[in-house]
Structures are given as structure tokens and as C-alpha cells.
Amino acid sequence: MRWWDIDPVLALEKDLFPEDAWSRGMFWSELAHARGPEATRRYVVATEGERLVGYAGLAAAGDLGDVQTIAVRREQWGTGLGARLLTELLRAATAFECAEVMLECRVDNVRAQKLYERFGFEPIGFRRGYYQPGNIDALVMRLTDPSSSVQGTESTESNG
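This structure is a prediction, so every number in the text was calculated from the model and none was measured.

**Brief notes about the pairing of strand β2 (residues 51–61)**
Phase 1 of the analysis: The element β2 is extensively covered by neighbouring structure, given that nine of its 11 residues are classed as buried.
Phase 2 of the analysis: As paired strands, strand β1 (residues 41–48) and β2 are joined by eight bridges and run antiparallel to one another. Paired with R42 across the bridge in β2 is L58.
Phase 3 of the analysis: Connecting β1 to the next strand, β2, in antiparallel fashion are two residues, including G49 with a positive phi near 65°.
Phase 4 of the analysis: Sheet analysis places β2 next to strand β3 (residues 64–72), joined by eight bridges and oriented antiparallel. Residue pairing in the sheet places A60 in a bridge with G65 of β3.
Phase 5 of the analysis: Counting the residues in the hairpin turn of β2 and β3 gives two residues, including G62, whose phi is positive at 65°.

As C-alpha cells, this is what we get:
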């Protein structure tokens, strides 16, 4: 993801997450930490022609990675795009030498939870009222050894 991707990312963000969409400033702040030798972030976009169809981001701190966001256009749901974006984030976590990766997922987003479980994420707790202003709880999930999860998806992708 680069600065010129922010406007189409914001449009998709507002469509998918109208109540708790990230702001322009939040994306700028994340991208400020995504370049150079001291980078601690990895943000990627997926395009179809000139059209942005998805994006995802990871933050790393020490040996812990945190999936910040994954979003896919509704008409792309079920195509495997979310899995490809998550694979890219787990590759980044491996490059950042993260021993584990965490994420929060809305408790009502079962589709996303199933994706994360396919990659080996396990539920470990809840954050009450995490998503505001809707006061929606977050399911906290953890993946230990993201490098083995990426290797497992690569063999699945090449066989299927």
C-alpha cells in the first residue's frame, strides 16, 4: 500500500465498516512505519485492473505481530482473496521474525473467524465493547509460529 492507495482504501473501509471505519490519518500513520530499515508495518493492496478490491495490514513489535485490518470487496467474498491477503501478512510476520500473531475479530463476523481458523488461529479471549460506537465485542485470536502456517497454505494452494 502506498499513499495514493489511501483514497480507494478509505472508500472500501467506509463501505465495509461504516460505524468504525479508520480515518485517513490512521492509514497515513501506519504507512509512515511501513518503509525503510526500521519498518514495523506491512500493508498490501489487491487490485483488479485499476480497481482496488482488498487491502490488509500487519504491525510488528518485538516477536509479536498483530493483524491490524483485512478487507475485501463484497463481490470478491468467497474467491480466496482474503486468504491471499492473510498469507501476505503472515509472510511479513515471518520476515519480521514474529513468534506469534494476534488479531481481533468482531464476534458477529463468523466468515472472517473461519478464515483465521483455517490458518491455525485459535480463540483466546474477548475484548468487550472493542468496536465503537456499536459497542461490539471482539474475539481475540492467536497464531503461534506464523511461518509454519504460511508454508502449509503454500502447499495447499499449489495442490488445489
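**Comments concerning the pattern of salt bridges**
Phase 1 of the analysis: Using the criterion set out here, one finds 10 salt bridges in the structure.
Phase 2 of the analysis: One salt bridge connects R41 with E30, and the closest N-O pair in it is separated by 2.8 Å. Of this pair, R41 sits in strand β1 while E30 sits in helix α2 (residues 24–32), and the two are 11 residues apart along the sequence. With respect to burial, R41 and E30 carry one shared label: buried.
Phase 3 of the analysis: Salt bridges here are not isolated pairs; linked through shared partners, they connect D20, R106 and D108.

**Here's the deal with the side chain of E13**
Phase 1 of the analysis: Tracing the backbone through its elements, the reader meets E13 in helix α1 (residues 6–16).
Phase 2 of the analysis: Lacking a salt bridge, the buried E13 has K14 as its closest oppositely charged neighbour, with an N-O distance of 9.6 Å.
Phase 3 of the analysis: Ignoring any residue separated from it by four or fewer positions in sequence, one finds E13 in contact with P18, D20, A21, W22, F27, Y55 and T69.

**Concerning the nonpolar core**
Nonpolar side chains tend to gather and get buried jointly when the protein is soluble and globular.
Phase 1 of the analysis: V67, I70, L85, L86, Y116 and F121 are the most contacted members of the largest nonpolar core, which has 29 residues in total.
Phase 2 of the analysis: Contributions of two or more residues to this core are made by β1, β2, β3, α3 (81–95), β4 (100–106), α4 (110–118) and β6 (136–144).
Phase 3 of the analysis: For this core, the leading source of residues is α3, giving eight residues.
Phase 4 of the analysis: The residues touching L85, leaving out its near neighbours within four places in the chain, are V44, A46, G54, Y55, A56, I70, A71 and V72.
Phase 5 of the analysis: V9, L31, Y55 and A71 belong to the second largest nonpolar core, which has 13 residues in total.

Definitions and limits used
Residues numbered from 1 in each chain as written. Predicted model: local features only at pLDDT ≥ 70, side-chain atom pairs only at ≥ 80, totals over all residues. Heavy atoms only, no water. Buried < 20%, exposed > 50% of the residue type's maximum accessible area, 1.4 Å probe, protein only. Helix = DSSP H or I, 4+ residues; strand = E, 2+ residues; numbered from the N terminus. Pairing = 2+ DSSP bridges. Salt bridge = Lys/Arg side-chain N within 4 Å of Asp/Glu carboxyl O. Lys, Arg positive; Asp, Glu negative; His and termini not counted. Contact = heavy atoms within 4.5 Å. Core = buried A, V, L, I, M, F, W, Y, C linked by side-chain atoms within 4.5 Å.

Just geometry here; none of it tells us what the structure is for.
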